[in-house]
Structures are given as structure tokens and as C-alpha cells.
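Residue-level listing of the chains:
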Amino acid sequence: MSETMVKRKVLLGSAITAAILSTAYIGGAYVAGQAAEKTLKKQHEWLSSLPYFIVKNREYQPGWFSSSEKTTLLLNPELYRFFIERAGTELPKFEVTYTQKIKHGPFPLLGSFNLHPYKAVVESEFIFSPETQKFLTQFFGTQKPIHIENRIGFNDDGVISVKVPSFDYEEAISGVKAKWKGFDATLNYGGDFNSVKLIANAPGLSGEAKGKLSFAFNDLTFGFDHIRGKTGVMLGTTTANLAGFDMLLSENTPIKLKLENLKYAGNIVETGEFINGGANINLAKLILDDQPYGPAELQATASHLHGPTLAKLADEFTALQKKQLNRDEFSAELVKLVKTHGMPLLTHDPLLAIKKFDVKLPDGSIRFTTEVGLKGFKPTDLDKPVEFVSKLHAKADFSVPRKVIETMVMWQARNMFGGPDSGVAADDLDYLAGQFVEGQINKLTDQNLIRSENGLLSAKASLEKGAFMLNGINVPLPWQQPAESVTEQ
């Protein structure tokens, strides 16, 4: 066979291969586009199921290699009705419209030299009103205020990235300054939304109103890693950290505040059909007007909560939030919801506790622990107060420096009766407040309601099987008091 014939066959084979690959890619893009449309519809249905938003309008324009979508979300008015609703006025509505450009797979990022296969890559762009856009332009200039990208895998698992750019803003005339260091968040989700993992970070924000206010926070992070358990409750961990916050208020009542290392860690686990959860809050230091407070720590737990009931209550409460009800109607429906679906929470021996509350103050430390639970409760006990109390288990233990109580009362007295226009000297107010505290403490200690020792006020109380103990003494409850004898005259 001649060399020319060989070259022709090679060229013909290459052309056929290229044609097959092109046809396959074109067909794959069409199939991926149809699948992406179904996936995005499912994601919108999930978004609609949340209590936060209402999908007001959605328009989808399918294409061969790419599609487009325009959606308008309405913030659920029931979330803020209680706070801003006024009789005779219309409840304001907050909505946002965004467009989405959907690049179809199998290689939607090929133009960016990224060969990772995806069903689709979706880029979202928000549409703001002219007034809002003008306001945002003052800060972000020509930058887009927010960028959202959703990379959807062929199994419908995906990754959403959210970015808000940084800006440096200043008004020369008013002296107002603001510096924003941006925001980044990454959300990994399962196609059925039964697993979600978020990592978000805001490096910092600072601002200043010349001669009036200055503030700054730095390194705010937030995240969670949740997966739906067998009972329907989302399980996993949640964390939040704030490295620092500073504020100086110069007008009216000056305030100087500095906060260091505030941390939150929460965890929810499942044992059989029961849910156990815990939350820890730690603060390294708080400085208020040059007075140091901290470290501080709070440890709270909730255990033996009936998982199926929690899941049912969450679903029913979400449905309730989507109804247009006034305050009285919402309250009545909420009570009905708890009575109808919430009773198993009480009948399965729940226990709530503050394992530790410890705050270091300049004059000592405040310490507090408590727990409350039910044992053997039955729904009929609600109609029998004495029987209900007998099923309660509770205890509390606290201690607080005497000086702290005196200081708090002095501050309150100064705020209520002091000031330059009161005509009362601060020293006189402090003396009267001290005498008042002294008298009240003496009365409480004489009645054994509190203990006073070495400058520390403390008390212990417990309720077990209908018996109430305070500082080691059995205190009869009202129905346990002996009946007074009646003497005929």
C-alpha cells in the first residue's frame, strides 16, 4: 500500500473519530441540559420547602449547550410579621430577582481549561433595583456585589461557592469610613439535600463615623457538617468563631468595648430514636470601659429527645410559618401544634441541663449549674398539677461574689436616680445602695434562702419526686402545708 493511501486512511479515520466525538459531545450536552433542568427544578422545590423564602416566579429557557433561568424570591413575611406589623398598615415585602446561566455538561468548564466532568455549572447574577444598584456601586464600584457558582455532579451532588468582594469606602465630607475584607463560603451538598457541609469566612469589617463611633471585627468563621439521621433530624456539628471585636461610642453615654476569641461549638447525635445535643460557648476576654471580664464558659445539653417528634414538629412548624396568620391566630395554631404533635417529647423522659456556667469578673467568679427533666410523665398529668410536679426532676447550684451584687445595684441606682441634673451625689447613692444590699442579704440569709460566706453568696435547690430542698432544708410546697385548724368562737 502506498504512503499516500496510508495518509488518506489516517486522515479519514481521524475525521470520522472527530465527527463521532463531536456528535457524542453535542448529544451529551443536550442530554445533560435536560437532566440539569430536572435537577434545578428539584433544588427550587427544596428551596420552596424552607420557611425562609417563597419562590414567587421562575422562568426557564432551555438551550442546547446552555440554558438560562430567571427567578424571583420573596422573603417569607411570616418571619418578620411579629416585629414590624402595625395595625392599619400594609406589611412590607422584601424580594430579590436573579438570573442563572446554566452551562451544560459533560465538560461545562472546558473554556476555562478545566476538564472536570459536571452535569452543569450554574452562575447566578442578582438583579437589583436602580436605587439599590446605585447604593451598592458606592461601595463595590464596577465589581459585582456577589458571585455564586453551583457545580452540579452527575449524581446531583454539588458544590456552591459564594464570594463577596472587598471594598474600601470613604466619605470625605462626613468622615464616614468603611473597610470590608470580603466574604467566602463553600457549601457541599448531597443531591437529596440530606447531607450539607458549609465553610464560611469573613476576614473583617471596620467602620468609623468621625467623632461618634468606631468599630471593627476580624476573622469571623462559621461552618456546619450535617447529615440526616434515621429519625429525620439533621445530625452533626456546628461551629462559629470570632477572633475579635472592638467598639468605641463617643456620643451620649460613652462606651468602650473589646472582645477577644468568642467560640461556639454544637453537636447533635442520634441514639436509636432519641436525639442528644450539646453546645459550648467560650469567651477568652471582654473589656468594658477598661474593666476586664472573662474568661467565660457555658456548657448546655439536651438529651433523650424523641427524634421522630422533633422531625414532625419541624415540618409542621415550617408549614405553619408559610400560612398568613395574624399574631393571635399564629399563637393559637402554635399551641395546637405542640399539643397535637409535641407530647412525645415529654413522655420519653427528656433532660435539659446547663452543665457549666462560669464567668470571671474583676470581683470574683459567677458559677451556675442546673438541670430539669421529666420522669414517667403521662399526658393526663397536665390536668393534675400535683402529679405533674411529682414527675419533675430539677436542681440548681449557683454562687456569686457579694461585691458583684453590690456593684450591679449601684449601677442601677445611678442610672435611675443619678446624673448631673439629679442633685444627688454619686457617693450618697452608692452608700444608700450598699445599705439596701446589706439589709436584703441579711434577710435572705436569716431565712436560709441564700448562704453568705467569705464574700460569696450561694444557694442549692432541688426538686425530686415532689420534694423541694433548699440549702439542705425540706421546704413544703403550698399543697404540702398542714391545713390551719378552725376554732369556733
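Everything here concerns the structure above.
Throughout what follows, the structure given in this document is the object of discussion. Computed from a predicted structure; not experimentally measured.

This part is about the pattern of salt bridges. Applying the stated criterion to the full structure yields 17 salt bridges. A salt bridge links Lys163 to Asp184; the nearest nitrogen and oxygen atoms lie 2.9 Å apart. With a gap of 21 residues between them, Lys163 in strand S6 (residues 158-164) and Asp184 in strand S9 (residues 183-189) connect regions that are remote in the sequence. The exposure class assigned to Asp184 is partly exposed, which follows from its relative accessible area of 36%. Note that Glu438 and Arg402 form a salt bridge whose closest N and O atoms lie 2.7 Å from each other. Residue Glu438 is found in helix H9 (residues 426-446), and its partner Arg402 is found in helix H8 (residues 402-417); the two are separated by 36 residues along the sequence.

What follows deals with the nonpolar core. The nonpolar side chains of soluble globular proteins are, as a tendency, buried together. Core analysis: the largest hydrophobic core is formed by 23 residues, its most contacted members being Phe140, Phe167 and Trp180. Elements that contribute at least two residues to this core include exactly helix H3 (130-140), strand S7 (167-170), strand S8 (176-180), strand S17 (351-361) and H9. Per-element tally for this core: the top contributor is H3, with three residues. Not counting residues within four places of it along the chain, the set of residues in contact with Phe167 comprises Phe139, Phe140, Ala178, Lys179 and Trp180.

Let us look at the environment of Thr221. Locating Thr221 in the fold gives a position in strand S11 (residues 213-228). We classify Thr221 as partly exposed; its relative accessible area is 25%. Setting aside its immediate chain neighbours within four residues, Thr221 contacts Ala200, Asn201, Thr239, Ala240 and Asn241.

Next up on the list: the packing of aromatic side chains. Under the definition given, this model contains 12 aromatic pairs. Taking the centre distance of 4.3 Å and the plane angle of 5° together, the rings of Trp46 and Phe193 count as stacked. In this pair, Trp46 sits in helix H1 (residues 3-49) while Phe193 sits in the loop between S9 and strand S10 (195-209), placing the two residues 147 residues apart along the sequence. Aromatic rings pair up to connect Phe135, Phe139, Phe140, Phe167 and Tyr169 into one cluster.

Conventions adopted
- Residues numbered from 1 in each chain as written.
- Predicted model: local features only at pLDDT ≥ 70, side-chain atom pairs only at ≥ 80, totals over all residues.
- Heavy atoms only, no water.
- Salt bridge = Lys/Arg side-chain N within 4 Å of Asp/Glu carboxyl O.
- Helix = DSSP H or I, 4+ residues; strand = E, 2+ residues; numbered from the N terminus.
- Buried < 20%, exposed > 50% of the residue type's maximum accessible area, 1.4 Å probe, protein only.
- Core = buried A, V, L, I, M, F, W, Y, C linked by side-chain atoms within 4.5 Å.
- Contact = heavy atoms within 4.5 Å.
- Phe/Tyr/Trp six-rings, centres within 6.5 Å; stacked < 30°, edge-to-face > 60°.

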